[in-house]
Amino acid sequence: MSATRKVRVRFAPSPTGALHIGGVRTALYNYLFAKNLGGDMILRIEDTDSKRFVPGAEDYIVEGLTWLGIKFDEGVGFGGNYGPYRQSERRDIYKRYVDELLAKGKAYYAFDTAAELDAKRAENANFQYDAHTRMQMNNSLSLSAEEVQARLERGDVYTVRFKIDPDQLIEINDMIRGEVHYKSDVLDDKVLYKSADQLPTYHLANVVDDHLMEVSHVIRGEEWLPSTPLHILLYRAFGWEDTMPQFAHLPLLLKPDGKGKLSKRDGDRLNFPVFPLDWKDPVSGDISKGYREAGYFPEAVINFLALLGWNPGTEQEMFSMDELIQAFNIQRCSKAGAKFDYEKGKWFNHQYMLLKDNMELAATLLPELQAKGIETTQAYVAEVLALVKGRMNFLHEFWANAAYFFQAPQSYDEKTVSKRWKDVSAMQMGELEAILQADDFSDMAALEAKVAAWCEEKAYGMGVPMNAFRLALVGEGKGPHIFDITRLIGKAETLQRLRRCVEVLG
Ligand code: GLU
């Protein structure tokens, strides 16, 4: 590979359903790798398996990655000079390359029916279609040239298989795993093309496209590692060794307890999303929950995913996309699987909420408040947020944490009442009311000092009267500093809540 080769990576999903969060991480690492090196990022849709094609999946992938801020330079929906980027639109191209392998004697026609193959497997559970068995099968190596010609002419269904020579050593120089060796004997003569649907299989289309699209680095999940020796042999068969991409196989995402591969069921069981957006499978009707709808900020999801399998080598945890691009180095990806610590995902969301501008957050909350019939302003919501967001991981937790800033408590929490509302409380609240009445609420620190002086003078201590006061304002024992609450709800509302509480609790 020439040292000056332009960095070009691709994300190549198959549109078979919702894009799993592991796929999102693959897209992210490709993006970070490319942008760190000033390269291009391609979106290629690998839709040659018509049986597994799911309508809507392609749009879902694009929408999900766009929401997360992962941008493509080229590809389906983005233009570029190497298109078309949807494999189903490249049939003619693949056919040419299949024909080239056939002409070179690197591939052959196979006429074995599914039933015949099943029979072989029934005979021998370890059956592999390869150099040792291919002459027992019906293919252009075992049949006479006339027979093959006749079968092709009468339109028999066939596949084209890759003729893998045994005893070849295949060395993968993986950017994460280092040298990985394979012997070609373990590989079978993979099907590259099927006449039935006139489509190539994943392996052929993937390699041909990586070559034609001048992909310099293939960064993909660990589950594709077993395919890579085959892909390398295909590069050799075509004579493309000089432009073969470099490979990197990313570590698996593991279940939160580290035992096995992360699945949708783990998400359902432990209540966290494993997909970027909500998705309803059009065939099964299965609902998959998405990070977006669960209330995650895209920056938080990116930051969380970036650190699942990669580390910067420092203690830094918070990274913007630009900082990730700067810091990313694929050599710092781990070989070992990464445990999916979804609590950490919530923590990131919390951190991003703290960083975000309260006026901006308030704007997104206003419609929900208006729908509840609450009359308020963006500025007021922003002030409330400043007081309560430290207790929230998600914006949808706002109302549960802040309702009392907008409406008087509808009831008083029983437990708090029995603990905090004493015999003396009604009397004390009466005295407090007089103090508040006499104040203009223009200086909360001054008012707080007055209240403290009153408690001191009467030797009430601060606890009993302040707990009762909080109960009157909030309806329970929680919430921020009392005089931050009174500052926001104002004098009239404070007095009204105090009187009502005395009335109700006596
Ligand atoms: N179409 C494959 C997938 O769905 C692509 C694997 C690769 O990146 O080569 O992940």
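Keep in mind that what you see is a predicted model, and the values were worked out from it rather than measured. (Residues numbered from 1 in each chain as written. Predicted model: local features only at pLDDT ≥ 70, side-chain atom pairs only at ≥ 80, totals over all residues. Heavy atoms only, no water.)

1. Describing the overall build of the protein chain
For the protein chain, the helix and strand inventory stands at 19 helices and 15 strands. Taking 23 Å as the expected radius of gyration for a compact globule of 506 residues, we find that the protein chain reaches 33 Å, considerably beyond that expectation. The C-alpha extent of the protein chain, read off along each of the three principal axes, is 110 × 50 × 40 Å. Buried residues in the protein chain amount to 49% of all 506 residues. (Helix = DSSP H or I, 4+ residues; strand = E, 2+ residues; numbered from the N terminus. Rg over C-alpha atoms; globule rule 2.2 N^0.38 Å. Buried < 20%, exposed > 50% of the residue type's maximum accessible area, 1.4 Å probe, protein only.)

2. Topic: the site of the ligand
Contacts to the ligand come from Arg 10, Ala 12, Pro 13, Ser 14, Glu 46, Tyr 202, Asn 206, Arg 220 and Trp 224. In the environment of the ligand, a nitrogen atom lies 2.7 Å from a nitrogen or oxygen atom belonging to the side chain of Glu 46. When the ligand sits alone it has 300 Å² of accessible area, and the protein chains cover 84% of it. Judged by the fraction of its atoms near the pocket grid, the ligand is located in the largest pocket. (Near = heavy atom within 4 Å. Polar contact = N/O pair within 3.5 Å; in protein donor to acceptor, adjacent residues only side chain to side chain. Areas by Shrake-Rupley, 256 points an atom, 1.4 Å probe, with all protein chains shown as cover. 1 Å grid on protein atoms, 1.4 Å probe; cavity = no way out; pocket = protein on both sides within 12 Å on 5 of 7 lines; lining within 4 Å. Sits in = over half its atoms within 2 Å of the grid points.)

3. Some thoughts on the pairing of strand 6 (residues 169–174)
Burial of strand 6 is one-sided: the residues Ile 170, Ile 172 and Asp 174 facing one way are buried, the residues Leu 169, Glu 171 and Asn 173 facing the other way are not. One ladder, built from six bridges, connects strand 6 with strand 7 (residues 178–183); its direction is antiparallel. Paired with Ile 170 across the bridge in strand 7 is Tyr 182. Connecting the antiparallel pair strand 6 and strand 7 is a turn made up of three residues. (Pairing = 2+ DSSP bridges.)

4. Side note on the packing of aromatic side chains
Following the criterion strictly, the structure yields 26 aromatic pairs and no others. Measuring from ring centre to ring centre gives 5.1 Å for Tyr 109 and Tyr 158, while their planes differ by 85°; the resulting arrangement is edge-to-face. Taken together, the residues Tyr 109 in strand 4 (residues 107–110) and Tyr 158 in the loop between helix 5 (145–153) and strand 5 (159–162) connect sequence positions 49 residues apart. Between the aromatic rings of Phe 398 and Phe 406, the centroid separation amounts to 5.9 Å while the plane-to-plane angle is 65°, which identifies the pairing as edge-to-face. (Phe/Tyr/Trp six-rings, centres within 6.5 Å; stacked < 30°, edge-to-face > 60°.)

5. Structural notes on the environment of Tyr 97
Positionally, Tyr 97 belongs in helix 3 (residues 91–103). Residues Tyr 97 and Phe 238 lie 141 residues apart in sequence; the distance between their C-alpha atoms is 8.5 Å. Every residue in contact with Tyr 97, bar those within four places of it in the chain, is listed here: Val 208, Leu 212, Phe 238 and Trp 240. (Contact = heavy atoms within 4.5 Å.)

6. Some thoughts on the sheet that holds strand 8 (residues 191–194)
The antiparallel open sheet is built from four strands, whose spatial order is 4-5-8-9. Lying at the two open borders of the sheet, with one neighbouring strand each, are strand 4 and strand 9 (199–200). Pairing between strand 8 and strand 9: two bridges, direction antiparallel. Paired with Lys 194 across the strands is Leu 199, a residue of strand 9.

7. Some words on the side chain of Glu 46
For Glu 46, the position within the fold is in the loop between strand 2 (40–43) and helix 2 (57–68). A polar contact of 3.2 Å, which involves the side chain of Glu 46, links it to the side chain of Gln 87. A distance of 3.0 Å separates a polar atom in the side chain of Glu 46 from a polar atom in the side chain of Asn 206. With near-sequence residues (within four places) excluded, Glu 46 lies in contact with Ala 12, Pro 13, Ser 14, Pro 15, Gln 87, Tyr 202 and Asn 206.

8. Details of the pattern of salt bridges
In the structure shown here, the tally under the stated rule is 37 salt bridges. Note that Arg 8 is salt-bridged to Glu 74, the shortest N-O span being 2.8 Å. Taken together, the residues Arg 8 in strand 1 (residues 8–11) and Glu 74 in strand 3 (residues 74–75) connect sequence positions 66 residues apart. Side by side, Arg 8 and Glu 74 carry an identical accessibility label, which is buried. The salt bridge partner of Asp 118 is Arg 121, with a shortest N-O separation of 3.2 Å. Of this pair, Asp 118 and Arg 121 both sit in helix 4 (residues 114–123), separated by three residues, roughly a single helical turn. In this structure Asp 118 comes out as partly exposed when scored by relative accessible area, which is 46%. A relative accessible area of 41% means that Arg 121 is categorised as partly exposed. (Salt bridge = Lys/Arg side-chain N within 4 Å of Asp/Glu carboxyl O.)

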